[in-house]
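These are the residues of each chain, in order.
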Amino acid sequence: MTSEATVPRSPALVPLPDTGAPTLANEEACTVFQRTLELAGRRWSGAILYAGVAGARRFVEYRRYVRGISDRLLTQRLRELERQGFIAREVVPTMPVQIRYAPTPAGAELVGALQPLGEWGRKHYDVVEASSEA
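Residues numbered from 1 in each chain as written. Predicted model: local features only at pLDDT ≥ 70, side-chain atom pairs only at ≥ 80, totals over all residues. Heavy atoms only, no water.

A.B. asks: Honestly, unusual backbone geometry in this entry has me stumped. Any pointers?
C.D. replies: The phi angle of most residues is negative, glycine excepted, and most peptide bonds adopt the trans form. In this structure, the amide linkage connecting methionine 95 to the following residue, proline 96, adopts the cis form with an omega of -10 degrees. Here proline 96 is to be found in the loop between strand S1 (87-92) and strand S2 (98-103). For tryptophan 44, which is not glycine, the phi torsion reads 80 degrees and is therefore positive. For tryptophan 44, the position within the fold is in the loop between helix H1 (26-41) and helix H2 (45-54). (Helix = DSSP H or I, 4+ residues; strand = E, 2+ residues; numbered from the N terminus.)

Quick look at the structure:
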């Protein structure tokens, strides 16, 4: 028996589909991927964007969709997402004034890109719940 048989093999890497887009160098691709995950993974940001795509428009609707978030943190995240270009804020000149928020095309596209991650979470719910309890 050769020593090769006793060495554990690392899992096979699944090649990414060829989209025809120019590819980045590995280091740059990793950096872009990490920045994107940090942006989308910021606490509550994904849920807020998802709520907007699901139909939330006013602050109270976002609060209803995103259970557990404080008013202060919801305000902070909405402002951050607006600054980053993922949420658009509209002031409606009524009495009283209404403020509406909606995902921009980039925000809606980000939610679409995250859908497979959500599907993975539903498929592996036991793993996701166990990791949130740790």
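So, next bit.
A.B. asks: Before we go on, may I ask you to explain the nonpolar core in this structure?
C.D. replies: Formed by 18 residues in total, the largest nonpolar core has its most connected members in Ile48, Leu49, Tyr62, Ile69, Leu78 and Ile87. Contributing elements (two or more residues each) for this core: H2, helix H4 (71-84) and helix H5 (105-123). With four residues, the single largest contributor to this core is H4. Beyond its immediate chain neighbours, meaning those up to four positions away, isoleucine 69 contacts Trp44, Ile48 and Leu74. (Core = buried A, V, L, I, M, F, W, Y, C linked by side-chain atoms within 4.5 Å. Buried < 20%, exposed > 50% of the residue type's maximum accessible area, 1.4 Å probe, protein only. Contact = heavy atoms within 4.5 Å.)

A.B. asks: Help me understand the packing of aromatic side chains in this model?
C.D. replies: In total, this model carries one aromatic pair according to the counting rule given. Between tyrosine 62 and tyrosine 101, the aromatic rings sit 6.2 Å apart at their centres with planes inclined by 90 degrees, giving edge-to-face as the arrangement. Note that tyrosine 62 is positioned in helix H3 (residues 59-65) and tyrosine 101 in strand S2, a separation of 39 residues in sequence. The pair formed by tyrosine 62 and tyrosine 101 is uniform in burial state, with each residue classed as buried. (Phe/Tyr/Trp six-rings, centres within 6.5 Å; stacked < 30°, edge-to-face > 60°.)

A.B. asks: Even after reading the chapter, I still don't get H5, so can you show me in this structure?
C.D. replies: Each full turn of the α-helix corresponds to 3.6 residues, which orients residues three or four apart in the same direction. For H5, with 19 residues, the first-to-last C-alpha span of 28 Å sits near the 27 Å given by 1.5 Å per residue. At leucine 114, H5 shows its maximal bend, which comes to roughly 35 degrees, and the proline proline 116 appears one to four places after that position. Buried within H5 are the following residues: Gly107, Leu110, Val111 and Gly121. Buried residues along H5 sit against H1, H2, S2 and helix H6 (125-133). (Expected span 1.5 Å × (residues − 1). Bend = angle between axes of the 7 residues up to and from the residue.)

A.B. asks: So what exactly am I meant to see when it comes to the packing of H2 against H5 here?
C.D. replies: How two helices pack is summed up by the angle between their axes together with the distance between the axes. For the pair H2 and H5, the least separation of the axes is 9 Å and the interaxial angle reads 105 degrees. Put simply, H2 runs roughly perpendicular to H5. Side by side, H2 and H5 meet where Leu49, Tyr50 and Val53 of the first sit next to Gly107, Ala108, Leu110, Val111 and Gln115 of the second. Classifying every residue of the contact of H2 with H5 by side-chain character gives six nonpolar, two polar and no charged. (Axes fitted to C-alpha atoms, helices over the stretch in contact; angles between N-to-C directions. Parallel < 35°, antiparallel > 145°, perpendicular 65-115°, else oblique. Nonpolar A, V, L, I, M, F, W, Y, C, P; charged D, E, K, R; others polar.)

A.B. asks: Whenever I open this one, the side chain of serine 45 confuses me. Can you help?
C.D. replies: Structurally, serine 45 can be placed in helix H2. Its relative accessible area of 4% is what places serine 45 among the buried residues. Ignoring sequence-local partners within four residues, the contact set of serine 45 consists of Leu39, Ala40, Arg77 and Leu81.

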